[in-house]
Structures are given as structure tokens and as C-alpha cells.
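Each chain, letter by letter, is given below.
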Amino acid sequence: MTTIYHNPRCSKSRQTLQLLEENNIQPDVRLYLQDAPSIEEIKTLLSQLSITPLELMRTKEATYKELGLSKESTDEERLQAMHSNPSLIERPIVIHKNKAKIGRPPEDVLALFE
């Protein structure tokens, strides 16, 4: 099973979904802005991506600064912020067979299917 954390308003997310479909991959589409992942789900994503909470965050989003987040913030603070404000989560994320890739660039996700 394949899942994409998708934001239809994001061009990279749309391109990644289109690339998957062009490769005959029909993912489950999770509109994560409306269906925010739990903190446990974010922790699982981090493990699947092999990255830190800071690396998953969109630090240039206004919300990041509005929440007072910085490089000194704890991982727990970052996890809570991403759960409460899913727009802070980098996108798109494709999950396949317990591994995940961020679609930046979109072609990166194809490595999951090799």
C-alpha cells in the first residue's frame, strides 16, 4: 500500500501525485491539512524518513515564527507544533512499504518503488 501526504494547493504535491499516477501507482491520498497526523504518526514518519523533527518542518512558514519556534526548540515542541499546525510539515510525503520520501523534487519518491 502507498500513501501520499498531499496538499492540492502545493505544486510539488500535485506533481508528485501525477508522477505516481503516470507510473501506475494509485496511492491513498491523505489530505493531511484536514486530517492532521497524530504525534505518534509524525514520529513514525520521521523514522521512515530517517530525519529529525526540524528537518521535517517548513521553517520559513509564518506559523513557525508566530509560534516562537527556533533552532533551540525541543523535538517535543516541534512535534506538538506539527500536530497542531500541519502546514508546518514538509510536503509531499510518500510512504510505501514502511519507507518514506519527501517529494522534493517529485522524482525522489520513485526510489521507493525500485
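Because the structure is a prediction, the values reported are computed rather than measured. (Residues numbered from 1 in each chain as written. Predicted model: local features only at pLDDT ≥ 70, side-chain atom pairs only at ≥ 80, totals over all residues. Heavy atoms only, no water.)

1. As for the pattern of salt bridges
Part 1 of the reasoning: By the definition in use, this model includes seven salt bridges.
Part 2 of the reasoning: Between Arg30 and Glu41 there is a salt bridge; the shortest N-O distance is 3.0 Å. In this pair, Arg30 sits in strand 2 (residues 28-30) while Glu41 sits in helix 2 (residues 39-49), placing the two residues eleven residues apart along the sequence.
Part 3 of the reasoning: Here Lys43 and Glu40 are joined by a salt bridge, their closest N and O atoms 3.7 Å apart. You can see Lys43 and its partner Glu40 sitting in helix 2, three residues apart, about one turn around the helix.
Part 4 of the reasoning: A relative accessible area of 53% means that Glu40 is categorised as exposed. (Salt bridge = Lys/Arg side-chain N within 4 Å of Asp/Glu carboxyl O. Helix = DSSP H or I, 4+ residues; strand = E, 2+ residues; numbered from the N terminus. Buried < 20%, exposed > 50% of the residue type's maximum accessible area, 1.4 Å probe, protein only.)

2. A look at the nonpolar core
Part 1 of the reasoning: By size, the foremost hydrophobic cluster in this structure holds 19 residues, and its most contacted members are Ile42, Leu56, Met57, Met82, Leu88, Ile89 and Ile93.
Part 2 of the reasoning: For this core, the secondary-structure elements that each account for two or more residues are helix 2, helix 5 (75-84), strand 3 (93-96) and strand 4 (99-102).
Part 3 of the reasoning: With four residues, helix 2 is the largest single contributor of residues to this core.
Part 4 of the reasoning: Met57 has contacts with Tyr64, Leu69, Arg78, Ala81, Met82 and Leu88, leaving out every residue within four places of it along the chain.
Part 5 of the reasoning: Counting seven residues, the second-largest nonpolar core is a separate cluster that includes Leu20, Ile25, Val94 and Val109. (Core = buried A, V, L, I, M, F, W, Y, C linked by side-chain atoms within 4.5 Å. Contact = heavy atoms within 4.5 Å.)

3. Thoughts on the pairing of strand 3
Part 1 of the reasoning: Judged by which residues are buried, strand 3 turns out to be covered on both faces: Ile93 and Ile95 on one side and Val94 and His96 on the other are all buried.
Part 2 of the reasoning: In this sheet, strand 3 lies alongside strand 1 (residues 2-5) in antiparallel orientation, the contact comprising four bridges. Counterpart to Thr3 in the pairing with strand 3 is Ile95.
Part 3 of the reasoning: Both strand 3 and strand 4 contribute to a ladder of four bridges, which runs antiparallel. Looking at strand 4, one finds that Val94 is bridged to Lys101.
Part 4 of the reasoning: Remark: two residues form the turn of the hairpin made by strand 3 and strand 4, two consecutive strands paired antiparallel; Lys97 in that turn has positive phi of roughly 50 degrees. (Pairing = 2+ DSSP bridges.)

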